[in-house]
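A look at the structure
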Amino acid sequence: MNASYDTYIFDYYGTLLDSYNDEKSLIYWERWLSVLDDMGIKHPEAKVFLKEFFDMDKAYRIKITKDRGFKYPEVNIIDVYRDILDGYGNGILSNTILNEVAYAFREATREYIKLYPGVTEYLVRLKKLGKKVYILSNAQRSYTYPEITMFGVDKLVDGIMISSDIGCMKPETYLYEQLFSRFNISKEKAVMIGDSLESDVAGAKSFGIDYIHLVGANKAELFFTKELEE
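First, a word on scope: everything that follows refers to the structure included in this document. Each chain carries its own residue numbering, running from 1 in the direction its sequence is written. For this predicted model, a pLDDT threshold of at least 70 governs which residues receive local features, and a threshold of 80 or more governs which side-chain atom pairs are given and counted, while totals over whole chains, interfaces and linings are taken from all residues. Hydrogens and water molecules were not included; the side-chain quantities draw on all heavy atoms of the structure.

Of the regular secondary structure elements, the protein holds 9 helices and 7 strands. It is over C-alpha atoms that the radius of gyration is taken, and the globule rule equals 2.2 Å times the number of residues to the power 0.38. In terms of overall dimensions, the protein is globule-like: its C-alpha atoms have a radius of gyration of 19 Å, near the 17 Å expected for 230 residues. Once the C-alpha set of the protein is aligned to its principal axes, its extents read approximately 55 × 35 × 30 Å. In this scheme, a residue with accessible area under 20% of its type's maximum is buried, one over 50% is exposed, and one in between is partly exposed, where area comes from a 1.4 Å probe on protein chains only. Relative to its full complement of 230 residues, the protein shows a buried share of 49%. Secondary structure elements follow DSSP: runs of H or I no shorter than four residues count as helices, runs of E no shorter than two count as strands, and numbering proceeds from the N terminus.

Structural data, given as structure tokens:
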């Protein structure tokens, strides 16, 4: 651990959490649609639904870019679920039901999920040293927040910012600005830790903060346990 940093900002997927979802597998879509059937929610066949769902997702991102000027737009996927299911004759469903639908999709398409070795112990040590710890994730709140709380990571950090709440993704500088403004973070002693060169590293560079790229000898499978040994 570098004593010069007061604030540690972590990506979530591929950094703290090791998981994989196959969101375009028809087999998994069929699994999800059986849940919708049990909930009494109308829908077309899996192949049609899959195409229309991702077409709407893409259209919403294009609109966000047009309206807000983001190069890396992020949709709130709950809006997609609400509008597409309304179009299938379900009416405007409540946010509670839409979040159930969304997380059922997440679970149905998931192949595995686990924290990387040493993550919990590393975060606990940071907190004991008086460091501030945040999560900054390109993700959907309806999918990701339950996957943060299931491992108790929410209790080990000082704040969480998820791209679907803001309308853009890393490396968009605006997302970093929102995090630092909301939590009153100083740039001088902050470091971004993530596995993605395109989002985590590029975003940190653009925003003007230090970064640790989890790749090679520093990859997430090794990083936390190695740091704990030092």
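A few words on the nonpolar core. I9, W29, W32, F49, F53, Y81 and L85 are the most contacted members of the largest nonpolar core, which has 44 residues in total. For this core, the elements supplying multiple residues, two or more each, are α1 (26-39), α2 (46-68), α3 (77-90), α4 (95-108), β4 (132-137), α7 (173-182), β6 (190-194) and α8 (197-207). Beyond its immediate stretch of four places on either side in the chain, L85 contacts I41, K42, F49, N90, G91, L93, L98 and V101. Working definition of a nonpolar core: buried Ala, Val, Leu, Ile, Met, Phe, Trp, Tyr and Cys residues. They are joined through side-chain atoms within 4.5 Å. L115, V119, L123 and F223 belong to the second largest nonpolar core, which has 28 residues in total. Note on contacts: a residue pair is in contact if any heavy atoms of the two residues lie within 4.5 Å.

So, on to the layout of surface pockets. Estimated volume of the largest pocket: approximately 540 Å³. Whether a set of points on the 1 Å grid over the protein atoms alone is a cavity depends on a 1.4 Å probe fitting there but being unable to get out, while an open set qualifies as a pocket with protein on both sides within 12 Å along at least five of seven lines; lining residues are those with an atom within 4 Å of a point. Lining the largest pocket are 22 residues, and of these E74, N138, A139, Q140 and M169 sit closest to its centre. Of all the secondary structure elements, the ones that give two or more residues to the lining of the largest pocket are α2, α6 (141-149) and α8. Broken down by element, the residue count for the lining of the largest pocket peaks at 4 residues, all from α2. In this count, Pro and Cys sit with the nonpolar residues alongside Ala, Val, Leu, Ile, Met, Phe, Trp and Tyr, while Asp, Glu, Lys and Arg are called charged and the others, Gly among them, polar. Its residues placed into classes, the lining of the largest pocket shows 7 nonpolar, 6 polar and 9 charged. Grid points are joined across faces, edges and corners, and a volume is the space filled by probe spheres set on the points.

Axis geometry follows a simple rule: fit a line to the C-alpha atoms, using only the stretch in contact for helices, then measure angles between N-to-C directions, giving values from 0 to 180 degrees. The geometry of α1 relative to α4 is characterised by a closest axis approach of 8 Å and an angle of 150° between their N-to-C directions. Between α1 and α4, the angle is such that the two are roughly antiparallel. When the axes of α1 and α4 are compared, the crossing they make is right-handed. The residues of α4 that touch α1, namely those facing Y28, W29, R31, W32, V35, L36 and M39, are I97, E100, V101, A104, F105 and A108. Here the contact of α1 with α4 is built from residues that sort into 11 nonpolar, no polar and 2 charged. For classification purposes, angles smaller than 35 degrees are called roughly parallel, those larger than 145 roughly antiparallel, those between 65 and 115 roughly perpendicular, and all remaining angles oblique. Should the near helix be turned anticlockwise from the far one by less than a right angle, the crossing is termed left-handed; should it be turned clockwise, right-handed.

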